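One-letter residues, chain by chain:
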Amino acid sequence: MSPTREISAPRNEFVSSYTELAAEVRASGLLDRRRNYYLIRIVATSASFFALWTAVFLLGDSWWQPALAVLLALTSTQFGFLGHDGAHRQMFASAAANEWTARIVAAVGAGLSLHWWRGKHNRHHKAPNQIGTDPDIVDGPIAFVPDVAAQRSGIAAWLTRRQGWFFFPLLTLEGAALHVASIQGLVSKAPVPHRLLELSLIVVRLGLATVLPFVVMTTPQAVVFVLLQMAVFGVLLGGAFAPNHKGMPLVPKDVRVDFLRRQVLMSRNIRGGRIIDFMMGGLNYQIEHHLFPSMPRANLAKVRPLVQAHCARHSVTYTETSLIDSYAIVVRYLNQVGLGERDPFTCPLVRMYR
């Protein structure tokens, strides 16, 4: 039997398997849009956002302001999740309604660009944890791929060997990095739909959030307020995305994997109740989200038993752990990558296909 047939036989089996699962899920109605759910969430989040800024003005010169900064960061994170859901067309039947809702809530509420975010995030969904394809594991301050870590020298190599311990402190800068990347994406030479509108909304949103605290607080209070809000926003948003794929197998760029296993084996669910659901914006059901990216967030928990049963029937590993355990895995994984340990991160499919 040729190598090509050895590879295609199991892949075709799992393609057919996903088709069966997709049909079962469609029949369940869980792919139907949840318009009222999202309208209520958008209104409640917007009301919280404006109420908190009103409280900032009423409180004025006070060292209680940092508490409001934390709550505003939490609200901005929720806007980020809503923008994510709209970009995946989870909210409404109309593609235009999803796109415009995502554009407005992401820009005004979180200071993020729909254009930049959607392009980056779609590439991630196409091939999670695949080297050379997934933008979430490209070279940067953190090395997610052993080959990248091995090329570093001097102080960069020293930091990389300990990068797991620096990961969460670095998340405090993630909010600023996301704002900068959003603006860079909008001012690039590439065509950008509604460039001026998105850029204007983000600049005004970030400008007001930076200037207004200096109007109502002392300078030290305003500095703490702005920096704390930005840091907490980065930790909350980055901390919701990091546990889902980091520490899961890496896929070499030349390996093709069927859709079902590409999404399930490279993803990790996070156990928890409603608090975890809220704080992670439904991304704790990462496996279900990757299998059905347009499924409304509120339905991910409902489809989970169907996906678990399907994976069990077809011997596909379904990974789920607690939030604390997932963070421990991330730290350990990053330190191992920094030390150049390769074997623990090779996708088992590579050994099957080679």
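Residues numbered from 1 in each chain as written. Predicted model: local features only at pLDDT ≥ 70, side-chain atom pairs only at ≥ 80, totals over all residues. Heavy atoms only, no water.

Engineer: Could you give an account of the UniProt feature "transmembrane region" (unreviewed entry) in the chain, with specific residues and numbers?
Structural biologist: Those residues carrying the UniProt feature "transmembrane region" (unreviewed entry) are residues 38-57, 63-82, 196-216 and 222-242 in this numbering. As annotated, residues 63-82 comprises 90% helix and 0% strand, and the C-alpha atoms at either end are separated by 31 Å. When the span residues 196-216 is considered, its composition is 100% helix and 0% strand, and the gap between its end C-alpha atoms is 30 Å. (UniProt positions renumbered as here; feature names shortened; annotations may be inferred. Helix = DSSP H or I, 4+ residues; strand = E, 2+ residues; numbered from the N terminus.)

Engineer: Residues and numbers for the nonpolar core, please.
Structural biologist: Core analysis: the largest hydrophobic core is formed by 38 residues, its most contacted members being W53, V56, L72, L82, L112, F225 and L237. Put simply, the parts of the chain that give this core at least two residues each are α2 (35-59), α3 (65-87), α4 (95-110), α5 (114-126), α9 (174-187), α10 (195-216) and α11 (219-241). Broken down by element, this core gets its largest block of residues, eight residues, from α11. The contact partners of F225, leaving out residues within four places of it in the chain, are W53, V56, Q65, L68, A69, L72, P213 and M217. One finds Y18, A22, L291 and V307 within the second-largest nonpolar core, a separate group that totals 23 residues. (Core = buried A, V, L, I, M, F, W, Y, C linked by side-chain atoms within 4.5 Å. Buried < 20%, exposed > 50% of the residue type's maximum accessible area, 1.4 Å probe, protein only. Contact = heavy atoms within 4.5 Å.)

Engineer: Summarise α3; cite the residues concerned and give the values.
Structural biologist: Because the α-helix completes a turn every 3.6 residues, residues three or four places apart line up on one side. End to end, α3 covers 33 Å across 23 residues, agreeing with the expected 33 Å (1.5 Å per residue, within 8%). Across the 23 residues that make up α3, a large majority, 19, are buried. At the exit of α3 stands R89, carrying a positive phi of roughly 60°. (Expected span 1.5 Å × (residues − 1).)

Engineer: So what's going on with the packing of aromatic side chains? Residues and values would help.
Structural biologist: With the rule as written, the count across this model stands at ten aromatic pairs. Connected via pairs of aromatic rings, a cluster forms that spans Y18, F259 and F292. Its guanidinium or amino end placed over the ring of W100, R103 lies 4.6 Å from that ring's centre, counting from NZ or CZ. It is K246 that lies over the ring of F144; its NZ or CZ is 5.0 Å from the centre. (Phe/Tyr/Trp six-rings, centres within 6.5 Å; stacked < 30°, edge-to-face > 60°. Lys NZ or Arg CZ within 6 Å of the ring centre and 35° of its normal.)

Engineer: So what's going on with the environment of S17? Which residues, and what values?
Structural biologist: In this structure, S17 sits in helix α1 (residues 3-28). Accessibility expressed as a relative area gives 1% for S17, which makes it buried. Considering only alpha carbons, one finds S17 and N129, 112 residues apart in sequence, at a separation of 22 Å. Excluding residues that lie within four positions of it along the chain, S17 makes contacts with L260, H310 and H314.

Engineer: Any chance you could break down unusual backbone geometry for me, citing the residues and the numbers?
Structural biologist: One non-glycine residue, N129, lies in positive phi territory at about 65°. Considering the arrangement of structural elements, one finds N129 in the loop between α5 and α6 (146-150). A residue is classified by how much of its surface remains accessible, and N129, at 2% relative accessible area, is buried.

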